Amino acid sequence: MTRRGLGTGFALLAMLVLAVCVVGWCEAQRDPLVRHATIALPDWPEGAAPITILLLSDTHVSRLSMPPERLRRIVAGLNRTRPDLILIAGDMVSESLIFPTVPSREAVAPLGGLRAPLGVYAVLGNHDHARGVAEMRRAIVRAGITLLKDKAVRAGPLALGGIDDSVTDHSDFESTVHQMRALPGAKVILSHGISYRNFLPPDIHLMLAGHTHCGQINPPFFSGRRPCGMIRWPGHSLIVGAGLGTSIVPLRWNAPPDVWLIRVGPPQRR
């Protein structure tokens, strides 16, 4: 190949890389898709009305791809969906050696604008643990959000359990399940990762999680997409959100940001 041809090849490659980055940046910056699901829970309390849960995760606030101002705007839009209960599946902050980070208090503060009559609950993710549990707890409490760290609470008709991050091996799944069983209500478990999906006991029918970003970058020719969306198997349902922010690189490809509106209630009578 001549020097001129080599130069042309490099120029075309640079243009291709630039185009991929532009497309990936635009997808990462789009408003989140609002996905919908309806799930019947066999242990639904008699006479209780169905409720709508808003699931969001992986906000990964950073100066570059998810500044607090952008998250604040997204939160205002999510409030218009009028959920009964809001669950945040971890990784509210972003740890990076390349891109500027945002202090925990400033990163979590926009989530304090979320509004739901049954409350707003969150669990920690691996990035949150990297920032420090004490620091994150202060930021979350200051924002008016309830942190579930291997803890179960009554949330309307639900016995809601929140397990600490399994990705960094900080979770106590058995203790959380034990606490859930001591509460009345349909059992729903919130987690950052999906490590316990194959260990759900028969009486816990719904798990909600994040972490995978649905792969975040999925070229058309690559089929190795990470667990994403609605996953069902006998007796159980798992919903894995794609998240709002990005990790490592501020790009998304075939994995747009999303949140889930999940209608939960009793099984239909035949």
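Everything below is about the structure printed above this text.
Residues numbered from 1 in each chain as written. Predicted model: local features only at pLDDT ≥ 70, side-chain atom pairs only at ≥ 80, totals over all residues. Heavy atoms only, no water.

**Considering the overall build of the chain**
Phase 1 of the analysis: A count of helical and extended segments in the chain gives six helices and twelve strands.
Phase 2 of the analysis: C-alpha extents for the chain along the principal axes are approximately 75 × 45 × 35 Å.
Phase 3 of the analysis: Every one of the 270 residues in the chain was classed for burial, and the buried ones make up 51%.
Phase 4 of the analysis: In the chain, 77% of the contacts between residues at least 6 apart in sequence involve partners at least 24 apart. (Helix = DSSP H or I, 4+ residues; strand = E, 2+ residues; numbered from the N terminus. Buried < 20%, exposed > 50% of the residue type's maximum accessible area, 1.4 Å probe, protein only. Contact = heavy atoms within 4.5 Å.)

**Observations regarding helix α2 (residues 68-79)**
Three or four residues apart is the spacing at which side chains of an α-helix point the same way, because the helix has 3.6 residues per turn.
Phase 1 of the analysis: The end-to-end C-alpha separation of α2 is 16 Å, in line with the 16 Å expected for twelve residues at 1.5 Å each.
Phase 2 of the analysis: Listing the buried residues of α2 in full gives Pro-68, Arg-70, Leu-71, Ile-74, Val-75 and Leu-78. Along the long axis of α2, the arc covered by the buried residues comes to 155 degrees, so they all point the same way. (Expected span 1.5 Å × (residues − 1). Arc of directions from axis to C-beta.)

**So, unusual backbone geometry**
Phase 1 of the analysis: Not every positive phi belongs to a glycine, and Arg-82 is a case in point at roughly 55 degrees.
Phase 2 of the analysis: Located in the positive-phi region is Asp-91, a residue other than glycine, with phi close to 55 degrees.
Phase 3 of the analysis: Judged by relative accessible area, which is 1%, Asp-91 ranks as buried.

**Concerning the state of the cysteines**
A disulfide bridge is the covalent bond that connects two cysteines by way of their sulfur atoms.
Phase 1 of the analysis: Taken as a whole, this structure holds one disulfide when the rule is applied.
Phase 2 of the analysis: Shown here is the disulfide that connects Cys-214 with Cys-228, its sulfur atoms set 2.0 Å apart. Taking the torsion about the S-S bond as the criterion, the Cys-214 to Cys-228 disulfide, at about 80 degrees, is right-handed. Linking Cys-214 in the loop between β9 (206-209) and β10 (229-233) with Cys-228 in the loop between β9 and β10, this pair joins segments that are 14 residues apart in sequence. (Disulfide = S-S within 2.5 Å.)

**With respect to the sheet that holds strand β6 (residues 151-155)**
Phase 1 of the analysis: Taken in spatial order, the six strands line up as β6-β7-β8-β9-β11-β10 in an open sheet, and their pairing is mixed. Across the chains shown, the open sheet's two edge strands, defined by having one partner strand only, are β6 and β10. Pairwise comparison of adjacent strand axes, ignoring direction, gives a mean angle of 20 degrees for this sheet.
Phase 2 of the analysis: As paired strands, β10 and strand β11 (residues 236-240) are joined by five bridges and run antiparallel to one another. Counted as the bridge partner of Trp-233 is His-236 from β11.
Phase 3 of the analysis: Its contacts with the sheet place helix α6 (residues 173-181) against β6, β7 (158-162) and β8 (186-190), and it is angled at close to 155 degrees to β8. (Pairing = 2+ DSSP bridges. Axes fitted to C-alpha atoms, helices over the stretch in contact; angles between N-to-C directions.)

**Examining the environment of Leu-114**
Phase 1 of the analysis: Mapped onto the elements, Leu-114 comes out in the loop between α3 (104-108) and β4 (120-122).
Phase 2 of the analysis: Given a relative accessible area of 3%, Leu-114 falls into the buried group.
Phase 3 of the analysis: Separated by 31 residues in sequence, Leu-114 and Pro-83 place their C-alpha atoms 9.9 Å apart.
Phase 4 of the analysis: Leu-114 has contacts with Leu-56, Val-75, Leu-78, Asn-79, Ile-86, Ile-88 and Val-120, leaving out every residue within four places of it along the chain.

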